[in-house]
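The residues making up each chain are set out below.
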2 protein chains.
Amino acid sequence: MPPLKDPLLPADDDARILARALLSKARHASLAVTDAETGTPGISLIAFGLDPEGMPMTLISGLAPHLAALRAHPLAAVMVGTPGDRGDPLVHPRLMIRVKASLVPRTAPEHAALRAHWLAIHPKAKLYVDFADFVFARLMPVSALLNGGFGRAWRLTPTDLLKG
Amino acid sequence: MPPLKDPLLPADDDARILARALLSKARHASLAVTDAETGTPGISLIAFGLDPEGMPMTLISGLAPHLAALRAHPLAAVMVGTPGDRGDPLVHPRLMIRVKASLVPRTAPEHAALRAHWLAIHPKAKLYVDFADFVFARLMPVSALLNGGFGRAWRLTPTDLLKG
């Protein structure tokens, strides 16, 4: 079989608007990591939000296997956009972002502002945000793919994902 | 900070029943792969179902980047259990399975039976199941982690996931 034609479209304004809407709305995401022990893929559900500059971020428990994975291998991938219970889930729009994770130590100057911002979008996190093993991570986009269903997929750059 | 205590419980019947229910109900899943070109994590939404023996499987387009990834690196991870729009998504039960993918060629003796079984659970796939680039993959469990929310997580073996 000959190689298939690249099905990805270049970014346009419709794609940017859809991607930013998916990012703004998302309160959870799927995270793919390289497992620290095995070097093979691992997957987790994570809490998700944008920091004040529009950068994806999460709050991670020290008990979560993906924290050790991100410490060992900061390159990861995140997916936002949850299919509903009706219709074909594969035509539901979703955004996949390759990211580089950067942990934010509790002693970092920006920690207090991130904490306040996170609690505004994830109020229930006040129950555990101050536990010693919980840590914020910024997920800095490297590249992105927006899939709006069959035949509708776009490559996006980190700049395409930022607020206009 | 000293190493944290292993928070995972051994499998019990409640965990097995919950895991099997999540698997039986799932019609889509998140898939973590090792990207063929970069060797770093990639993530995709996939169609999901169980084959007649209860083995996780999917149907993949040749245009999907995760097909090239699975050909290069068959070890992957899949997550089922979709958080609803209400409540804290992190307390929604989800099952993460490390898998080894095995593609099923169209010429394999079991292809016709898998195709019929898949169309029974994914009737809309009849629109594309016979396209030349679509291929079935079995996702054979290697190990699993069931997360039922904070403080409720179990390690499961492949046998724990099979129908009793």
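None of these values were measured; they are calculated from a predicted model.

A. Representation of the environment of alanine 64 of chain B within the structure. Mapping alanine 64 of chain B onto the fold places it in the loop between strand 4 (56-60) and helix 2 (65-72). Among the residues examined, alanine 64 of chain B registers a relative accessible area of 16% and is labelled buried.

B. The relation of the copies chain B and chain A, seen in detail. Overlay of chain B on chain A (RMSD 0.0 Å): rotation 180°, translation along the axis 0.0 Å. Taken together, the turn and the small shift mark the pair as related by a two-fold rotation axis. The C-alpha atom lying nearest the rotation axis in chain B is that of alanine 32 of chain B; the distance is 2.6 Å. Here 100% of the contact residues of chain B are again contact residues in chain A; the copies associate through an equivalent surface.

C. Quick look at the packing of aromatic side chains. Here the structure, examined in full by the defined rule, presents six aromatic pairs over all chains. With a centroid separation of 6.0 Å and 70° between ring planes, the pair formed by phenylalanine 131 of chain B and phenylalanine 134 of chain B is classed as edge-to-face. With a relative accessible area of 9%, phenylalanine 134 of chain B lands in the buried category. Within the aromatic cluster, the residues linked to one another by ring pairs are Tyr128, Phe131 and Phe134 of chain A.

D. Seen up close, the pairing of strand 4 of chain B. All names here are of chain B. In terms of residue burial, strand 4 counts as a mostly covered element, since five of its five residues are buried. By the alternation rule, side chains of strand 4 split into Pro56, Thr58 and Ile60 and Met57 and Leu59, which are all buried. Two elements, strand 3 (residues 49-50) and strand 4, share two bridges in a ladder whose sense is antiparallel. For leucine 50, the partnering residue across the bridge sits in strand 4 and is proline 56. Where strand 3 folds back on strand 4, the antiparallel hairpin that results is connected by five residues, among which glycine 54 adopts a positive phi of roughly 85°. Judged from the four bridges that link them, strand 4 and strand 7 (residues 135-147) form a sheet pairing that is antiparallel. Each residue of the ladder has a partner; that of leucine 59, found in strand 7, is phenylalanine 136.

About the criteria used
- Residues numbered from 1 in each chain as written.
- Chains lettered and ligands numbered in written order.
- Predicted model: local features only at pLDDT ≥ 70, side-chain atom pairs only at ≥ 80, totals over all residues.
- Heavy atoms only, no water.
- Helix = DSSP H or I, 4+ residues; strand = E, 2+ residues; numbered from the N terminus.
- Buried < 20%, exposed > 50% of the residue type's maximum accessible area, 1.4 Å probe, protein only.
- Least-squares fit on C-alpha atoms with pLDDT ≥ 70 in both.
- Contact = heavy atoms within 4.5 Å.
- Phe/Tyr/Trp six-rings, centres within 6.5 Å; stacked < 30°, edge-to-face > 60°.
- Pairing = 2+ DSSP bridges.

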